[in-house]
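# Fold and contact review
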Amino acid sequence: MMSCKKFIIGKMLVAGFIVTGLFTQAHAIDVDAVVKAAYEKYKDLDEGANADYIPALAKVDSNLFGIVVITTDGKIYSAGDVASEVSIQSISKVFTMARVMEDSGTEVITENMGVDATGQVFNSIVAIEQYQGQEMNPMVNPGAIATTSMVKGSSEKEIWKNIIDTYDDFAGRKLTVMEDIYTSEAATNQRNQALAMLMYAYGRIEKAPIEATDIYTRQCSVGVNAKDLATMAATLANGGKNPVTGKTVVSHEIIPEILAVMATAGLYDDSGQWLYKTGLPAKSGVGGGILAVSPGKFGIAAISPPLDAAGNSIRAQRAIADIANALGGNPYDPAPK
Ligand code: GLU
């Protein structure tokens, strides 16, 4: 009886956001408390382990935990450590893809490496073999390295500038590479080089596969804090315009395709489970970050390095799911009229 009552109150609040369009007004009333409650609930959760297949990731402080929500009108709510940086890792795939879509159109992604989920792990050689590199997805490594190889630029320097400038615009500040992470991954990324060579052999990467792998490794090593990730998510939620800086980063026409690819394969093999629980396009990285997008409403991100067996941050998943659901973020949950 008690929990039923609570549920109804929550639903009325959510309906209030949608019907009256006073989402941010409702936000100002309770988002802060919702974010802080999720932080308190999960801060002592002691499950999972840091990724260690990239040696430097094993050394990152496992206790680091921060959550940030940014609404599409630029209001910021946070709890925990929102300043410490982790490497962006796979979350970078979203923003490199955004660069390529913006410069070359969304079709180049479907034509070159597809947008379906492979049904295999994120660095699967079997998946490339099975589909000859065609049914990949830009959110898993073969598709992501192919996407990086499609960034415009006449030199490695110019390509990198296009990538990092895009990330900077999404985050609303200058980001830098965590050189210790880059060095560690560059010394151990033979499998990614193999994926790239295979994509090259199937004509999915046109040239310089090893160079593309190196740029991809560098993009994965960019340092971000929870606020950076939330700003990046909020920029997607706001149709490509950064709600904190006011800058239009990419055109709104490409946002539906970006979000669709995130929904399909953003959380590795648990992408379906995640969508089932939250309805939100999201992307995680083995550095411990996850960002999620509630279209038109807010971006949310959390950082916490210990991962579950699928490679997704445990605290970040739980905190984001709780908060996003409490704020009525699920686009598949329309209020009946
Ligand atoms: N740089 C990592 C790799 O390529 C990214 C993996 C991830 O975050 O999923 O293995």
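Let me sum up the structure you'll find in this document. Computed from a predicted model, the values in this text were never measured in an experiment. Per chain, residues are indexed from 1 in the order of the written sequence. Only residues with pLDDT of 70 or above have their local features reported here, since the model is predicted, and side-chain atom pairs are shown and tallied only from 80 upward, although totals for entire chains, interfaces and linings are computed over all residues. Only heavy atoms go into the side-chain values, all of them from the structure, while hydrogens and water stay out.

### Focus on the pairing of strand β1 (residues 66-71)
The criterion, for reference: Each residue gets one of three labels from its accessible area relative to the maximum for its type: buried under 20%, exposed over 50%, partly exposed in between, using a 1.4 Å probe on protein chains only. Elements are defined by DSSP. Helices are runs of H or I of four residues or more, strands are runs of E of two residues or more, and each kind is numbered from the N terminus. Any two strands are treated as partners once DSSP identifies two or more bridges connecting them.
Judged by how many residues are buried, β1 sits mostly within the fold: six of six residues are covered. Burial along β1 is two-sided: the residues G66, V68 and I70 and I67, V69 and T71 are all buried. Inspection of the sheet shows β1 paired to strand β2 (residues 76-80) by five bridges, in the antiparallel sense. Looking across to β2, one finds that V69 is bridged to Y77. The loop that links β1 with its antiparallel partner β2 comprises four residues; one of these, G74, has a positive phi angle of about 85°. In this sheet, strand β7 (residues 298-303) lies alongside β1 in antiparallel orientation, the contact comprising six bridges.

### Quick notes on a nonpolar patch on the surface
Spelled out, the test is: For patch detection, residues must exceed 30% relative accessible area and be free of salt bridges, and they are connected within 9 Å for like charges or within 5 Å for nonpolar side chains (Val, Leu, Ile, Met, Phe, Trp, Tyr). Only the protein chains shown count as cover for residues, and the accessible areas themselves come from Shrake-Rupley with a 1.4 Å probe. When a carboxyl oxygen of Asp or Glu is within 4 Å of a side-chain nitrogen of Lys or Arg, the pair counts as a salt bridge.
Residues M197, Y200 and I210 make up a contiguous nonpolar surface patch of about 270 Å² in total accessible area. Topologically, I210 is positioned in helix α10 (residues 209-220). Assessed through its relative accessible area of 39%, I210 is described here as partly exposed.

### Comments concerning the pattern of salt bridges
Considering all chains together, one arrives at 13 salt bridges under this definition. Across the pair K36 and D32 runs a salt bridge whose closest N-O atoms are separated by 3.3 Å. On the criterion of helical spacing, the pair formed by K36 and D32 is a turn pair, its members being four residues apart in helix α2 (residues 23-42). Given a relative accessible area of 40%, K36 falls into the partly exposed group. Among the salt bridges present, the one from K75 reaches D73, with a minimum N-O distance of 3.5 Å. You can call K75 partly exposed: its relative accessible area is 33%. Each of E40, K43 and D44 takes part in one network of salt bridges that share partners.

### Description of the site of the ligand
Heads up, the rule is: Nearness of a residue to a molecule or strand requires only that one of the residue's heavy atoms be within 4 Å of it. A 3.5 Å cut-off defines polar contacts: any pair of N or O atoms within that distance qualifies, except that in protein one atom must be a possible hydrogen donor and the other a possible acceptor, and neighbouring residues in sequence count only when both atoms are side-chain atoms.
In the neighbourhood of the ligand, the contacting residues comprise Y53, Q89, S90, F122, N141, E185, N192, Y216, C220, Y268, G285 and V286. A distance of 2.5 Å is found between an oxygen atom of the ligand and a side-chain nitrogen or oxygen belonging to Y53. Take Y268: an N or O atom from its side chain is 2.4 Å from an oxygen atom of the ligand.

### Regarding helix α6 (residues 141-149)
Going by this rule: In what follows, residue pairs with any heavy atoms lying within 4.5 Å of each other are defined as contacts.
Counted residue by residue, α6 has nine buried out of nine residues, so it is predominantly covered. Those residues of α6 not exposed but buried are N141, P142, G143, A144, I145, A146, T147, T148 and S149. For α6, the elements touching its buried residues are α3 (92-104), α4 (107-112), α5 (125-131), α7 (156-171), α9 (190-201) and α10.

### Observations regarding the environment of N225
Among the secondary structure elements, N225 is positioned in the loop between β4 (223-224) and α11 (226-237). The class of N225 is buried, set by a relative accessible area of 9%. In this structure the C-alpha to C-alpha distance between N225 and V86, which are 139 residues apart in sequence, comes to 6.4 Å. Residues contacting N225, with those up to four places away along its chain left out, are V82, A83, S84, E85, R173 and I303.

Take it as geometry only, folks, not as evidence of what the structure does.
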